[in-house]
Amino acid sequence: MKAIELEKAYNPKDFEDRIYGEWVEKGYFKPASDSDSPVHGQTKKQNIKYTVVIPPPNVTGVLHMGHGLNNTLQDVVVRYHRMKGEDTLWIPGTDHAGIATQNIVERALKKEGKNRNDLGREAFIQRTWDVTHQHHDIIVKQQKKLGNSVDWGRERFTYDEGLSKAVRHVFVTLYERGLMYKGQRLVNWCPRCGTALADDEVDHEDTNGAMYHLYYEYADGSGKIEVATTRPETFFGDTAVAVNPKDPRYTSIVGKKLKLPLTGKEIEIIADDYVDMEFGTGMVKITPAHDPNDWEVGKRHNLEVINLLTPDGKLNENVPAKYQGLKPEEARKLVIEDLTEAGLFKGEEKMVHSVGHCYRCKTVVEPYLSYQWFVKMKPMADKALEAWKKEEIVFYPRKWENTYRNWLENIRDWCVSRQIWWGHRIPAWYCECGETIVSREDPKCCPKCGAAADKLKQDPDVLDTWFSSWLWPFSTLGWPSETEDLKKFYPTTALVTAYDIIFFWVSRMIMAGLEFTGQVPFKDIYIHGLVRDKQGRKMSKSLGNGIDPLEIIEQYGADALKFTLTYLAAQGQDILIDSDSFKFGSKFCNKVWNASRYILGNLEGRNLVAVKDEELTELDRWIYTELNRAAKNAAEALETYRYNDAASAVYEYFWNNFCDWYVEATKLTFWHGTDEEKDRQISVLLNVLEESLRLLHPFIPFVTEEIYAKLPLAEIVKNRKAAGAQKVLSDCEYQSMLVSAPYPEYSADRENAQISERFGALQDLIRSVRGLRNECGVNPADKINLAVLIVKGSAAEVCREKVDMIKLLAGLSNIEFVEEKPAKSIGTVGTGFEAFIILDENINKEQLALHFNKDLEKDQKDAARIEAKLGSKFAEHAPAEVVQAERDNLAEIKRRIEKVTGYLEALK
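Scope of this entry: the structure provided in the associated data block.

Scoring rules and cut-offs
Residues numbered from 1 in each chain as written. Predicted model: local features only at pLDDT ≥ 70, side-chain atom pairs only at ≥ 80, totals over all residues. Heavy atoms only, no water. Helix = DSSP H or I, 4+ residues; strand = E, 2+ residues; numbered from the N terminus. Buried < 20%, exposed > 50% of the residue type's maximum accessible area, 1.4 Å probe, protein only. Contact = heavy atoms within 4.5 Å. Lys, Arg positive; Asp, Glu negative; His and termini not counted. Charge placed at Lys NZ, Arg CZ, Asp CG, Glu CD. Pairing = 2+ DSSP bridges. Right-handed = clockwise from strand over helix to strand, strands pointing away. Disulfide = S-S within 2.5 Å. Expected span 1.5 Å × (residues − 1). Polar contact = N/O pair within 3.5 Å; in protein donor to acceptor, adjacent residues only side chain to side chain.

**Side note on the overall build of the chain**
- When you go through the chain residue by residue, the secondary structure sums to 27 helices and 29 strands.
- Dimensions of the chain along its principal axes, counting C-alpha atoms only, are 110 × 80 × 55 Å.
- Residues classed as buried in the chain amount to 56% of the 908 residues present.
- A separation threshold of at least 6 residues defines the contact pool for the chain, and within that pool the share at least 24 residues apart is 77%.
- Taking the 120 positively charged and 138 negatively charged side chains of the chain as two groups, their mean positions are separated by 1 Å.

As structure tokens, then:
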């Protein structure tokens, strides 16, 4: 037959977009159970479901490398399970990202000299929809470039009609169950966003500040006390000073009145166990409206609660007129000046303390008294903890279970209302008669007084973005309706996500799943690390160290990106990369391309033949054994989300065993074999290549699909059927596209321990000779003579049978088997053998002597330096493990000195 030509250079731009379009157009990403799936009714495990919902990216920008990692890891396992023949579904979608998306629109309006109130609610929401559509289209384009094998026909959006229905249903259901309530509470308030935030939406950062020491005078003029605070401007909201009831210093003054500085007001000294007697003076100013701990003290003592801030974070009418309208930091400076003038400021101490910032805009968050909607979390958290204890959910790696448990055991009620316009409007209406109506449908009248709908006012707030996201695993499948997809694909199988949203999302999804469906939403939870730069810093715009996945794809191709990230994705570890890191994946794809190109090029003039197991050579059986083990190791790793182990297994197999050993060794047949032997060899090579492409496909889907399409599959299938059922050779049915072809499965029939041992010894000899050549500085292109001493009865006896292979792979002109070490030789030792390079006319002895003397001189200097170091005070003061490392290094250097000295003696 004719040779099959692959382009000389691997160029992913030639085929990646085309192949992705074909996958989508032909429906290969649909579940096999869909009637219009191209493999409907053909897969052997269609009764087994594998479902994944994508963590929906926010429609606020473009995907970053963290998304690239997350999407890649999902794609790998989804493709693997699809190839296993399981009914596989990966649901795509995006998140409306309430605060973040509204911020984008508001920033754009600010440049126009406008704000949202200038537009009005409806016009503002429409403008936000326009921005959402733009960013959604960009994100989808990026996901397709990455090669995400998602079912686009099932794409969802957290603000689409179906999910909006689910959100309203959940809100009302929680209200009916007594788990949703509205109340006045101290909340985290972002003055920039103008909204409340949940506790886990506040990022705490170490910030430079000060502890300010103030004096409060007794109202009766009998003296003064000292208190300390990091926020002196908030003392206008003080309604007490607290001491510990067990503190003997202050027992007599509990109940006394104090003058609140600069105000003329009086407050009382109270006793509360909250106060730490050992901290400072043991006296604490209590500001219930602006500190969570003070809020709790205030509730216990029925203290007045005085809010000092406006919604935009400025001091309000509850402070003296001169401070009104100032930002807290501006007021702080003025307050200190006035206290100093009044003789009531003692001083300040510089300090670093943790300050809460908005997770979206990074503005300092203020404790703020406000009426908000809250979800009672404790009852749901208890169920989620119980599910974990029963192992209904499993974390990979297990260490994240502690984070999950600790958060649920210490959970607080969730503030779900947000004072913004973009998002799910709270389904609550208020009537002038005082009735609150919470309903799944817009009410037509007040059920209490009968007032018409136009007299009812809907709550202006919207729900936290995460309130729709926590329903994602089942709302995307049609819940609360009993859809076929919900029956078939829920609960989902796995969740793949980063560790920074265990609180925000993972735990809440489990609680929601249990509360509303009675089942956990997924079984497996794989928590991957973050992508960082080579210095270990988190990638961010401010540092300018981010890497755009599309730029990497443009330079190296999607497969290079995917394989590099998968290979580096060790459980429990962050990934440290730069742009050059992706050369690794690119080189591997090049290797796959070039090896395939070589094999297909050797089809010229050959006839493909049916090959039976008994016609396989020992070399063929060895590669099938290695392929078998690689398939086993990769599958076991993927089943437990050990991505780097899976990628390493296929990499080692293809690059080392298949390319560097098997393909190279088969060249002997093409050089010296008969036509029949060449036909048989190319036929086996094609079979191994085809199965190897199936092994690699989940990791590098584009290049493997492109090569698979070039294989003479019809001829291969014909010969497979002609050979009949075999135990070693693959007998799978071939698909028209690799994406749906079966993944290689481990078979005990392919294992051959004896052949593995023999080839292990053969490889050991060849590697030893290659290492010795390298150590001696012998040019790889130079042919040398070798003497080999074999231990009788050892596995290395195989070397006597494989002389031509050893000569080819070790770069030898001749091999002689000897009983003792030859004169004028340099040797190396392995299991069952000793190998010696003969120092004859093929070796440039002068050049070799120069090479050894240079190495010897360097090692002698290093040895002297380390000996001097170990003889100094270093050995007494350095950590024991550091000293031992230096001693080990010295021992290795002395070993090399002894060896090289022996080499030089042999040269004389």
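Read on for the rest.
**Some words on the pairing of strand β1 (residues 45-53)**
- Pairing analysis gives 6 bridges linking β1 to strand β2 (residues 86-91), with the strands arranged parallel. From the neighbouring strand, lysine 45 faces β2, where its bridge partner is glutamate 86.
- Crossover β1 to β2 through helix α2 (residues 65-83) is right-handed.

**Examining the state of the cysteines**
- Under the criterion given, the structure shown has 0 disulfides.
- You can see cysteine 431 has no disulfide; the closest cysteine sulfur is in cysteine 449, sitting 3.5 Å from it.
- Accessibility expressed as a relative area gives 10% for cysteine 431, which makes it buried.
- You can see cysteine 659 has no disulfide; the closest cysteine sulfur is in cysteine 589, sitting 12 Å from it.

**A look at the environment of threonine 234**
- Among the secondary structure elements, threonine 234 is positioned in the loop between β8 (224-229) and β9 (240-243).
- Expressed as a C-alpha distance, the spacing of threonine 234 and lysine 30, which sit 204 residues apart in the sequence, is 59 Å.
- For threonine 234, the contacting residues outside a window of four places in its chain are Lys285, Thr287 and Leu308.

**Details of helix α6 (residues 161-176)**
- Over its 16 residues, α6 runs 23 Å from end to end, which matches the ideal 22 Å to within 8%, given 1.5 Å per residue.
- Along α6, the positions that sit buried rather than exposed are Leu163, Ala166, Val167, Arg168, Val170, Phe171, Val172, Thr173 and Leu174.
- The residue sitting at the N-terminus of α6 and contributing the capping side-chain oxygen is aspartate 160; that oxygen lies 3.2 Å from the backbone nitrogen of glycine 162.
- Of the residues trailing α6, glycine 178 is marked for its positive phi of about 75°.

**Brief notes about the pairing of strand β28 (residues 825-830)**
- As paired elements, β28 and strand β29 (residues 833-838) share 6 bridges and run antiparallel to each other. From the neighbouring strand, serine 825 faces β29, where its bridge partner is isoleucine 838.
- A loop of 2 residues connects β28 with β29, the two strands running antiparallel in sequence, and glycine 832 in this loop sits at a positive phi of about 85°.

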